[in-house]
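# Topology and contacts: notes
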Amino acid sequence: MPENQNLIEYLRNRRSVPPAMMTSPGPGREEIEALLALASRVPDHGKLAPWRFVVYSRAARERISEALVQLVRQDRPDVSDDAVTLERNRLLLAPVVIGVVSRAAPHPKIPEWEQVLSAGAVCYNLLLAANAHGYAATWLTQWFAYDDRARPLLGLQSGEKVAGFIHIGTMETHPGDRGRPVVQEITSWVES
Ligand SMILES: Cc1cc2nc3c(=O)[nH]c(=O)nc-3n(C[C@H](O)[C@H](O)[C@H](O)COP(=O)(O)O)c2cc1C
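As a starting point, this report considers the structure included with it. Note that the structure is predicted; figures quoted are calculated from it, not measured. Sequence positions are assigned chain by chain, starting from 1 and proceeding in written order. The predicted origin of the model limits local features to residues at a pLDDT of at least 70 and limits the giving and counting of side-chain atom pairs to 80 or more, whereas totals for whole chains, interfaces and linings rest on all residues. Hydrogen atoms and water are omitted, and side-chain values are computed over all heavy atoms in the structure.

### Let's talk about the site of the ligand
We apply this condition: We call a residue near a molecule or strand when any one of its heavy atoms sits within 4 Å of it. Definition of a polar contact: a pair of N or O atoms within 3.5 Å, with one able to donate and the other able to accept a hydrogen when the atoms are protein atoms, and with sequence-neighbouring residues admitted only if both atoms are side-chain atoms. A 1.4 Å probe and the Shrake-Rupley method give the accessible areas. Residues count as covered only by the protein chains that appear here. Polar here means any residue other than Ala, Val, Leu, Ile, Met, Phe, Trp, Tyr, Cys and Pro, which are nonpolar, and Asp, Glu, Lys and Arg, which are charged; Gly is therefore polar.
Every residue lining the ligand is accounted for by Arg14, Arg15, Ser16, Thr138, Trp139, Leu140, Thr141, Gln142, Arg178 and Arg180. In the model, an oxygen atom of the ligand is placed 2.8 Å from a nitrogen or oxygen of the Arg15 side chain. Residue Thr141 places a main-chain N or O atom 3.1 Å away from a nitrogen atom belonging to the ligand. Protein contacts shield 59% of the accessible area of the ligand, which totals 640 Å² for the unbound molecule. Looking at the shell around the ligand residue by residue, the classes come out as two nonpolar, four polar and four charged.

### Some words on unusual backbone geometry
Note the following rule: In this text, helices come from DSSP runs of H or I with a minimum length of four residues, and strands from runs of E with a minimum of two, each type numbered from the N-terminal end.
At the junction of Ser24 and Pro25, the peptide bond is cis and its omega measures out at 5° in the coordinates. Relative to the elements of secondary structure, Pro25 occurs in the loop between strand 1 (22-23) and helix 2 (29-39). A positive phi angle, close to 45°, is found at Ala49, a residue other than glycine. Residue position: Ala49 is located in the loop between helix 2 and strand 2 (51-56). Positive phi outside glycine occurs at Gln142, with the angle close to 70°. Mapped onto the elements of the fold, Gln142 is located in the loop between strand 4 (136-140) and helix 6 (151-154).

What follows is the structure, encoded as structure tokens:
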């Protein structure tokens, strides 16, 4: 494979953009399908494809958000209006939100852990695919990914888990960089 300086530069500078720093447009249906085709080209031990996508339309996200707000009100009857607004907007700030769902399950040969890792690779690859198409993207889960009451709202089936919600749109504000680990501090060289 030839050296690719553009790709190196991209990897050196890539950055997630929080949904609050995004605006329209996001990708349309055809482009989303192209992004998902790119995203699904990940290492996958046993070729199980132990993951799937859920694309939430704006209308679906409005419906889900209202139901999530009801859960918040149930848990925190004295919740402030500002907090409700924040909850209501969690899935509505980005033009496009795609759920990556892990279907990892016990398998005679392929450890479940490796299936989970493959779902993580899909999430990251979807970020890269969105960037390659010129969009900003970020990988979030948020509390409702782990709330059993939210599972049916999000379209999860028994045994499935949210690997991430990938929020995609057009960058409005650049978030600047964030601290990065010092590679030397987290690397051991086993020499003999
Ligand atoms: C599995 C996973 C779940 C995440 N969930 C959240 C979240 O719920 N809320 C949040 O603020 N950040 C969350 N993040 C972190 C954001 O993706 C974060 O902004 C990102 O790590 C920025 O890094 P980058 O600029 O290198 O892409 C999550 C990250 C991962 C890997």
